[in-house]
Amino acid sequence: MDFKDLAKQTIKKCLKKGAEAAEIYLENGRNLTIEVRNGEIERIQEAASYGAGLRIIIKGRMAFASSNDLKEKSLDEAINRAIAFAKITSADPANVLPDDPRVSPVEGLYDPLIRQVPIDEKIELLRRLEKLAMKDSRITKSGGATYREGEGEIILANSNGLLKSFQATVCGYGIEVVAEKGEQKSSGSDFRQRRFYADLPPLEEVASKAAREASEMLDPRPVKTQRAAVIFDREVAYALLGGILSALNGERVLQGASFLGKKLGQKIASDFLTLIDDGLRPKGLASKPFDGEGVATQRRIIVHKGILQGYMYNTIVAKRAGVESTGNASRNSFSSLPGIGPHNFYMEAGQAKPEDIIKATKTGFLVKEITGYGINPVNGHFSGGASGFWIENGRIAFPVKGLTIAGSADEILFGLDLVANDLDLNRIVAAPTFRVKALQIGGD
Amino acid sequence: MSFQDYFFKEIPRREFLELSLKGSVALASAATLLSNLLSGETQPKEIVSLFSREDLNKVIQQALRYGGDFAEVYLEHRLSRSLLLEEGKFKSAIYRLSQGAGVRVMAGDKTGYAYTDELTMEKLLRAAEVASYIARNGKTIKPVPIKEQKGPNYITVKIPLQIVADEKRLEIMQRAHEAALAYDARIKMASIDYYDEIRGRVIANSEGLYIFDELPLIFFTVQTLGVGNNTSHLGRERISRRCGIELFDEIKPEDVARTCARESVAMLEAKEAPAGKMDVVVQNGWGGVLVHEAVGHPLEADNIAKGIGIFVGKMDKKVASDVFTLVDDGSLPNFRGTTNFDDEGTPMKRNVLIKDGVLVKFMTDLLSAKQLKMEKTGNGRRESFQFMPIPRMTNTFIERGKDNPQEIIASTKKGLYVQSISGGSVNPITGVFNFTCREAYLIENGQKTIPVKGATLVGHCLDIIQGIDAVGHDLDFGPGICGKGQIAEVTAGQPTVRIRGINVGGTRGR
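Residues numbered from 1 in each chain as written. Chains lettered and ligands numbered in written order. Predicted model: local features only at pLDDT ≥ 70, side-chain atom pairs only at ≥ 80, totals over all residues.

### Let's talk about the overall build of chain B
Right, so step 1: Counting its secondary structure elements, chain B contains 10 helices and 22 strands.
Right, so step 2: Against the compact-globule benchmark of 24 Å for 510 residues, chain B has a radius of gyration of 24 Å, which places it among compact chains.
Right, so step 3: Long-range pairs, those at least 24 residues apart, make up 77% of the contacts in chain B with a sequence separation of at least 6. (Helix = DSSP H or I, 4+ residues; strand = E, 2+ residues; numbered from the N terminus. Rg over C-alpha atoms; globule rule 2.2 N^0.38 Å. Contact = placed C-beta atoms within 7 Å.)

### Focus on the overall build of chain A
Right, so step 1: Helix and strand counts for chain A stand at nine helices and 19 strands.
Right, so step 2: What you see for chain A is a C-alpha radius of gyration of 24 Å, in line with the 22 Å of a compact globule of 444 residues.
Right, so step 3: The principal-axis extent of the C-alpha atoms belonging to chain A is close to 70 × 55 × 35 Å.
Right, so step 4: Within chain A, buried positions represent 57% of all 444 residues.
Right, so step 5: Nonlocal contacts in chain A, meaning residues at least 24 apart in sequence, comprise 72% of its contacts between residues at least 6 apart. (Buried ≥ 20, exposed ≤ 12 C-beta atoms within 10 Å, placed from the backbone.)

### Some details on the nonpolar core
Soluble globular proteins: nonpolar side chains tend toward being buried together.
Right, so step 1: Judged by nonpolar contacts, the single largest core of 277 residues is most densely connected at A:Leu54, A:Ile56, A:Ala82, B:Val73, B:Val103 and B:Ala180.
Right, so step 2: It is strand β2 (residues 89-107) of chain B that provides the largest number of residues to this core, a total of 10 residues.
Right, so step 3: Setting aside its immediate chain neighbours within four residues, A:Ile56 contacts A:Cys14, A:Ala19, A:Ala22, A:Ala63, A:Ala82, A:Ile83 and A:Ala86.
Right, so step 4: Residues A:Ile114, A:Val170, A:Cys171 and A:Ile428 belong to the second largest nonpolar core, which totals six residues. (Core = buried A, V, L, I, M, F, W, Y, C linked by C-beta atoms within 7 Å.)

### Some remarks on the sheet that holds strand β10 (residues 307-308) of chain A
Residues and elements named next belong to chain A.
Right, so step 1: A sheet is described by the order of its strands in space; here five strands give the open sequence β10-β9-β8-β13-β18, paired in mixed fashion. Edge strands, defined here as strands with exactly one partner in the open sheet, are β10 and β18 (429-430).
Right, so step 2: Alignment of strand β8 (residues 275-278) against strand β13 (residues 344-347), held across four bridges, turns out to be antiparallel. Across the sheet, Asp-277 pairs through a bridge with Phe-345, a residue of β13.
Right, so step 3: Along the sheet face, helix α5 (residues 234-247) touches β13 and β18 and points at about 115° away from the line of β13. (Pairing = 2+ DSSP bridges. Axes fitted to C-alpha atoms, helices over the stretch in contact; angles between N-to-C directions.)

### Here's the deal with the environment of B:Ala275
Right, so step 1: Checked against the element boundaries, B:Ala275 lands in the loop between α5 (253-266) and β8 (276-282).
Right, so step 2: Along the sequence, B:Ala275 and B:Thr456 sit 181 residues apart, while their C-alpha atoms lie 9.9 Å from each other.
Right, so step 3: Beyond its immediate stretch of four places on either side in the chain, B:Ala275 contacts A:Thr225, A:Thr404, A:Ala406, A:Gln440, A:Gly442, B:Val504, B:Gly505, B:Gly506, B:Thr507, B:Arg508 and B:Gly509.

### So, the interface of chain B and chain A
Right, so step 1: Opposite the 84 residues of chain B that make contact, chain A presents 85 residues.
Right, so step 2: Per-element accounting of the side of chain B that touches chain A gives the leading share, 12 residues, to β2(B).
Right, so step 3: Here the side of chain B that touches chain A is built from residues that sort into 34 nonpolar, 33 polar and 17 charged. (Nonpolar A, V, L, I, M, F, W, Y, C, P; charged D, E, K, R; others polar.)

### Observations regarding the domain arrangement of chain B
All names here are of chain B.
Right, so step 1: The domains assigned to chain B are domain 1 (26-267) and domain 2 (276-504).
Right, so step 2: Measuring from the centre of the C-alpha atoms in domain 1 to the corresponding centre in domain 2 gives 24 Å.
Right, so step 3: On the domain 2 side, the residues contacting the 36 residues of domain 1 number 26 residues.
Right, so step 4: Sorting the residues of the side of domain 1 that touches domain 2 by element identifies β1 (70-86), β2, β3 (110-116), β5 (187-205), β6 (209-228), β7 (231-241) and α5 as the ones contributing at least two each.
Right, so step 5: The residue inventory of the side of domain 1 that touches domain 2, partitioned by class, reads 18 nonpolar, nine polar and nine charged. (Domains from an automatic or database assignment.)

### A look at the domain arrangement of chain A
In many reports, interface size means the accessible area that the parts give up when they come together.
Residues and elements named next belong to chain A.
Right, so step 1: Domains assigned within chain A are domain 1 (3-215) and domain 2 (220-444).
Right, so step 2: In this structure, domain 1 and domain 2 have C-alpha centres spaced 24 Å apart.
Right, so step 3: Taken residue by residue, the interface counts 35 residues in domain 1 and 26 residues in domain 2.
Right, so step 4: Elements supplying a minimum of two residues to the side of domain 1 that touches domain 2: β1 (21-37), β2 (40-58), β3 (61-67), β4 (139-158), β5 (163-181) and β6 (184-194).
Right, so step 5: Per element, the largest residue contribution to the side of domain 1 that touches domain 2 is four residues, and it comes from β1.

### As for the sheet that holds strand β14 (residues 395-398) of chain B
Right, so step 1: The strand order across the open sheet formed by six strands is β11-β10-β9-β14-β21-β20 (chain B), and the pairing between neighbours is mixed. Either end of the sheet is taken by a strand with one partner, and the two such strands are β11 (358-359) and β20 (476-483) of chain B.

### Re α5(B)
Right, so step 1: Here α5(B) is 14 residues long and its end C-alpha atoms lie 20 Å apart, about the 20 Å a rise of 1.5 Å per residue gives.
Right, so step 2: Considered for burial, the residues of α5(B) that qualify are B:Pro253, B:Val256, B:Ala257, B:Arg258, B:Cys260, B:Ala261, B:Glu263, B:Ser264 and B:Val265. (Expected span 1.5 Å × (residues − 1).)

### Quick look at unusual backbone geometry
Residue and element names in this part refer to chain A.
Right, so step 1: Phi is positive for Lys-59, which is not a glycine, with a value near 50°.
Right, so step 2: On the secondary structure map, Lys-59 appears in the loop between β2 and β3.
Right, so step 3: With 9 C-beta atoms counted inside 10 Å, the residue Lys-59 sits in the exposed group.
Right, so step 4: A positive phi angle is found at Asn-393, which is not glycine, with a value near 50°.
Right, so step 5: Assignment of secondary structure puts Asn-393 in the loop between β15 (381-392) and β16 (395-408).
Right, so step 6: What makes Asn-393 exposed here is the crowd of 9 C-beta atoms within 10 Å.

### Comments concerning the pairing of strand β19 (residues 434-442) of chain A
Residues and elements named next belong to chain A.
Right, so step 1: The element β19 is largely enclosed, with a buried count of seven among its nine residues.
Right, so step 2: Where strand β7 (residues 226-232) meets β19, six bridges bridge the pair, whose relative direction is antiparallel. Bridge pairing in β19 places Gln-226 opposite Ile-441.
Right, so step 3: Pairing between β16 and β19: three bridges, direction antiparallel. By the bridge assignment, Ile-405 is partnered in β19 with Ile-441.
Right, so step 4: Summarising the sheet, strand β17 (residues 416-419) and β19 pair through three bridges and their orientation is antiparallel. By the bridge assignment, Leu-418 is partnered in β19 with Arg-435.

### So, the environment of B:Glu167
All names here are of chain B.
Right, so step 1: Within the secondary structure, Glu-167 is located in helix α3 (residues 166-183).
Right, so step 2: Residue Glu-167 is classed as partly exposed on the basis of its C-beta count, with 17 C-beta atoms lying within 10 Å.
Right, so step 3: Once the C-alpha coordinates of Glu-167 and Val-48 are considered, the two residues, 119 residues apart in sequence, prove to be 30 Å apart.

### Some words on the pairing of β8(B)
Residues and elements named next belong to chain B.
Right, so step 1: Of all seven residues that make up β8, seven are buried, and the element is covered over most of its length.
Right, so step 2: In this structure, β8 lies alongside strand β22 (residues 497-505), joined through six bridges in antiparallel fashion. Opposite Met-278, over in β22, you have Ile-502 as the bridge partner.

### So, helix α2 (residues 72-85) of chain A
Right, so step 1: With 14 residues, α2(A) should reach 20 Å at 1.5 Å per residue; the first-to-last C-alpha distance of 20 Å fits that figure.
Right, so step 2: When α2(A) is considered as a whole, its buried residues turn out to be A:Leu75, A:Glu77, A:Ala78, A:Ile79, A:Arg81, A:Ala82, A:Ile83 and A:Phe85.
Right, so step 3: Tucked into the core, α2(A) has its buried residues touching α1 (3-16), β2 and β3 of chain A together with β2 of chain B.

### Focus on the confidence of the model for chain B
Residue and element names in this part refer to chain B.
Right, so step 1: When the pLDDT values of chain B are averaged, the result is 89; 91% of them are 70 or greater.
Right, so step 2: Confidence over residues 1-40 falls short of pLDDT 50; this stretch has 130 contacts with residues more than four positions distant or in other chains.
Right, so step 3: Scored as a whole, the predicted complex attains pTM 0.92, and scored at its interfaces, ipTM 0.91. (pLDDT = per-residue confidence, 0-100.)

Structure follows, in structure tokens:
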């Protein structure tokens, strides 16, 4: 099937059936998952799939239909349904489609090699990974090693003459292991992904991280409820960025449902906080030449040395807000309307070594795992479950589990006083290790 | 936490996903019941007639050609609508068609799976071939020719979604929207999310099973934004059931909206929550998400079969307090977590998991039941044809107790009263779980007093179920979305319960 041709034909058909503006977002992909446990293949899953989402606007009323059956009958049905729906939604002059033909060139999104690597080699890789992780004598059980790969093509066309496409790949592997001691169980895992097969990190690195994570948390000790410094390891720092990301969503800002809504141009954090949304980073896991509705992506500084520089918008919300789209239209899949979301979103690294931050902390909590919902984007309230290590006199003293940490976004963001140099950009939302002066910690 | 679900999308494992305010889900419609079928619209049940039994036998044979001891074909067709009314506008209307087939082959502990979204014999045979890769060079069985089976029906529909005009759906949403805004001047925005779907399933396997049904589902979510002096609170209320549009005759959309608006306004007065260990009373209903996370997930048999779950080796042992009985029942009439049979064709039933504090059963799918030599409990579920079935909960709840809910509060000197919960998550290996309050109050001298800000509560699952010392007689339920690498529709329920000594993540030291 020639998808570009199908896209163009479908737009024509929508217009013929009465749409005033129309858009098609086509996805065509393939994925593979392999799981190995105790040296044996436990699961192999492989599939190819595609689908299309249609956005229709008639007299400012918008509707959407999607189908993973691209035969004429089903697509016609989807068009008819969308047109019928466009009679019942509310009119909004902001309901428009992008018309800028530009795209942002991004290097390193597609690796043709991934699919050429034989499946047996990928299975063997997992066997070796598992073996390496089980080498540590404190590790008693394997939860399994997993390899995943995917590749896909996105084709976007609309009635403003846009016809854009790109191809991308991703692959990754990881493992989960368990350390046991008496009745205690502790789990550790690591999973890494890259755009290119050859860029995957060494097996030893992934294996030892999972094993260390599981074994070093054995024999936790209780601590008292208190206020103390909290160091967020780079593994969890991203958990805090989630709520901030939601609060930067231009639609939430318009609705008055963001704690950052009235803070544009103002200081929202200490000088140590610089946040960047980068859609262009070469080989970036969330890089792409255009966003979920065809607007060219950019690299934007969202917060600069604590000052809020801007929010994130797609075309419709930008028009309602009287600004330009920032190229942040995001789609979960072909079956969803474009929402608003980041590309590669990260907090800029600092100068300190992570171990120096620990050394500089007399009493504190080094957090390795956070659970819960993070910062509440509506009111900035933060509360989470946490585990990690207790720090006494600048040294790691013992592991701690089942604690809570809580505070307000202000307490966290203005309390940021040390930032490490260990940023790993090979994740979609990333932050370096950082310290917050003091937060409420709940324990015994 | 597992890495698996941090792959393409960074969604924490086993977490009740909050519907985001904007939501990807939305649509609009209104008043009278008119036939709404567009000519030529394919209906989910038609999927049954796409392939003959002979065709399906052929696919199963192909799947076992190179080896294997079990093969299965799963066909699915899903039509859904979602409508969003927000800021006074019907912002979007979405119609989705999703269809496809998955073929699974098992050989010992190995599983091969492949799916296709093209429903043709050629693609089904190709999927069977791909799925059979893991069974190569093994021994094989001779499949039993499939034969149609019928089981009990737990889902009754009065007014089928298929004949409901979109205008009727819009009207329901509008009623909720108006009621929410009229509730209080501090309600500044309401978001009404209406979703319904009809999912047709056909399952055939090498043991001769051939079964099909059609499942309706409605999911209605109201969110309201309360704005006070220097603070805001986004409230949420949801209802969901497998039935027709008559749902809204039984539960008025206005009442759903008012319940939501009440929370938004009440929480504007919230003070700082205390931090540290304290006694917690959880109100009846959706609070059952607490046990869904704390013990439900750890009782799913996949991690037990792997020998790594927290309940490994604990069968027939006392794991909880005497007053604690936990049930998973996928046959409760028209419940959100109910189906007639699970996604592997096993009939649904009531399963008591923990009885008077003693662990008596795990929730299994076919694979874990075989590995553990345990009974099939009807918990093999999948989000869609794109996923392999895994053990999942259905409608999970703490069984009704004997205590009076008022007396539970009155006999608690000091603690936290949790009225509603956002959701939570658990590590099923270590048993460490958390859940986050949406609406909570202090208990002082046996009285529910001031509201406190949403805090995360953490603990170890065994401590929690051993620490439950009072169970009310007021069992109730709430609908949810459960994520475990794939989504499942579930219900969580409980009577009012008291748990001694949970760690509360407040901002105020005591």
